[in-house]
Amino acid sequence: MSSTWTIDSWRTRPAAQQPEYDDPEALRAALAKLSRLPPVVTSWEVEKLKRQLALVARGESFLLQGGDCSERFADCRSDLIDSKLKILLKMSLVLVHAGGRQVVRVGRMAGQYAKPRSSPTETRDGVTLPSYRGDLVNRPEFDAEARRPNPDNLLEGYARSAMTINFVRSLLAGGFGDVHHPEVWDLSFADGAEGSEEYRRLVDRMGEAVRFLETMVGRRLDELGLVEFFTSHEGLHLEYETAVSELPPLRRRWYNLGTHFPWIGDRTRAIDGAHVEYFRGIANPIGVKVGPTMEPDELLELIRVLDPEGEPGRLTLIHRMGVDRIEERLPPLVEAVRRAGRTVVWCADPMHGNTYKTADGIKTRRFDDILGEIDRAFDIHEALGSRLGGIHVEMTGEDVTEVVGGARGLDEADLHRAYRTDVDPRLNHEQALELAFRVARRLRRRAQGG
Ligand code: PEP
Ligand code: CO
């Protein structure tokens, strides 16, 4: 892996999970157009995030990464972007207050348009078509035209990423008044459930803190422009990621400027594969999903390739083992990284190892499994002298019913009511907030040294 890196060197390696386009000329034309468009983020924002992740790695901050499993082009709508940003900000306020530390906010947002699939094709009633790979590639309807990988979607996806981040920036610049005023938070979903009094007290204390601060500085908190937000997506479609990468003037390294924080999925992290080759050369902070098949030696090799210099904030390991396997699979990895003296951000994705199908064939997750995996992750890191630095969740600001459980007590029958995802089930806004309260418990305990 010591050969020279170029922006195209990944082409010499096997690239998993790439769509096959039937018109190479149309693909080339779309990519050429894409590479001439201005970036959606800047290299200094990317470097700023890396500095903030370095603080996470040192235990001085906590990472909150969340959003849809897959964004749909049709979801590029003001109300949906607004509600997703709001719930992420609320969650982060809860975590800041409980942990007494800053929180780095990263959305799975503004570019999370490409999905890995277990099979390249799907067969229904004897008809076989390409699998749906996310709106960046094709559409989910089961007909030949919808499933044909269409190069124009690459441009459409980039445009929607830009529109999304543009609106996010405006919302943040204009202040998000309500979110900073916890008295407007609706906590009724938790009434009567375990924890509801604790949640109310936490929100009351947050309200006092906000009012105190505003009185001190004589301005509303949301006018101070303090809230930063970054974007992330799985860097799956290598032609796309390459086309949105640049060598900015005055920089010596290439940057992916289609997002702040791209990550490598669990299915594409092969050490000799094209994804690892592309990622090793870009300067962004990067994530790698770490599933239950990862072995300690393999992980150390991956760290050596992706972060040879041990650059602060460069590498986030996002483990997603499943509640039943984390106690067996995570400790050897944490131990190996500690023994090798490597500093990384450890982040828990409690979603992807906990998916199951109901008897009616609906893909869902249990809220208790999600919480359980996070709790075990905190315990394992603490026991090994390591530190859980963040959480990575699939969630939405909407009132969907895709995950069972939570204070509202959603059960499998409720899944039929508002199940909207085409891919993985997401926490709804109440479940997401409840999750934040539960993680807050752990952060408070940690802040108190217990
Ligand atoms: C995802 O994050 O949506 C995903 C596909 O995860 P993983 O790579 O961990 O399977
Ligand atoms: Co997913």
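Everything quoted here is computed from the prediction, not taken from an experiment.

Cut-offs used in this document
Residues numbered from 1 in each chain as written. Chains lettered and ligands numbered in written order. Predicted model: local features only at pLDDT ≥ 70, side-chain atom pairs only at ≥ 80, totals over all residues. Heavy atoms only, no water. Pairing = 2+ DSSP bridges. Helix = DSSP H or I, 4+ residues; strand = E, 2+ residues; numbered from the N terminus. Axes fitted to C-alpha atoms, helices over the stretch in contact; angles between N-to-C directions. Near = heavy atom within 4 Å. Polar contact = N/O pair within 3.5 Å; in protein donor to acceptor, adjacent residues only side chain to side chain. Areas by Shrake-Rupley, 256 points an atom, 1.4 Å probe, with all protein chains shown as cover. 1 Å grid on protein atoms, 1.4 Å probe; cavity = no way out; pocket = protein on both sides within 12 Å on 5 of 7 lines; lining within 4 Å. Sits in = over half its atoms within 2 Å of the grid points. Nonpolar A, V, L, I, M, F, W, Y, C, P; charged D, E, K, R; others polar. Buried < 20%, exposed > 50% of the residue type's maximum accessible area, 1.4 Å probe, protein only. Right-handed = clockwise from strand over helix to strand, strands pointing away. Phe/Tyr/Trp six-rings, centres within 6.5 Å; stacked < 30°, edge-to-face > 60°.

(A) Structural context of the sheet that holds strand E8 (residues 261-264). The sheet built from eight strands closes into a barrel, its strands ordered E1-E2-E5-E8-E9-E10-E11-E14 with parallel pairing. Adjacent strand axes in the sheet meet at a mean angle of 25° when their direction is disregarded. Relative to strand E2 (residues 102-108), strand E1 (residues 61-67) runs parallel, the two being bridged by seven bridges. Paired with glycine 66 across the two strands is glycine 107, which belongs to E2.

(B) Local environment of the site of ligand 1. Ligand 1 sits among Cys69, Arg108, Lys115, Pro116, Glu234, Trp263, Gly265, Asp266, Lys289, Arg320, His352 and Glu394. In this structure, an oxygen atom belonging to ligand 1 sits 2.9 Å away from a side-chain N or O atom of arginine 108. At 3.1 Å from an oxygen atom of ligand 1 is found a side-chain nitrogen or oxygen belonging to glutamate 394. When the free accessible area of ligand 1 is taken as 290 Å², the share hidden by the protein chains comes to 95%. At a threshold of 2 Å from the grid points, most atoms of ligand 1 map onto the largest pocket. Its residues assigned to classes, the shell around ligand 1 shows three nonpolar, two polar and seven charged.

(C) Structural context of the pairing of E8. Where burial is concerned, the two faces of E8 agree: the one with Phe261 and Trp263 and the one with Pro262 and Ile264 are both buried. Inspection of the sheet shows strand E5 (residues 230-234) paired to E8 by three bridges, in the parallel sense. What sits directly across from serine 232, in E8, is phenylalanine 261. Bridge analysis of E8 against strand E9 (residues 286-290) gives two bridges, and the strand direction is parallel. Its bridge partner being in E9, isoleucine 264 is matched across the sheet by valine 288. Chirality of the crossover, the property in question, places the unit of E8, helix H8 (residues 274-281) and E9 among those that are right-handed.

(D) The packing of aromatic side chains, seen in detail. This model, assessed by the stated rule, comprises five aromatic pairs. Judged by centre distance (6.4 Å) and plane angle (70°), the ring pair of tyrosine 158 and tyrosine 240 falls under edge-to-face. Residue tyrosine 158 is located in helix H5 (residues 152-173), and its partner tyrosine 240 is located in helix H7 (residues 238-243); the two are separated by 82 residues in the primary sequence. A relative accessible area of 2% places tyrosine 240 in the buried class. Plain terms: the ring middles of tyrosine 199 and phenylalanine 437 are 4.3 Å apart, the flat faces sit at 10° to each other, and that makes the pair stacked. Placement of tyrosine 199 in helix H6 (residues 196-217) and of phenylalanine 437 in helix H12 (residues 429-447) is noted, with a sequence separation of 238 residues between them.

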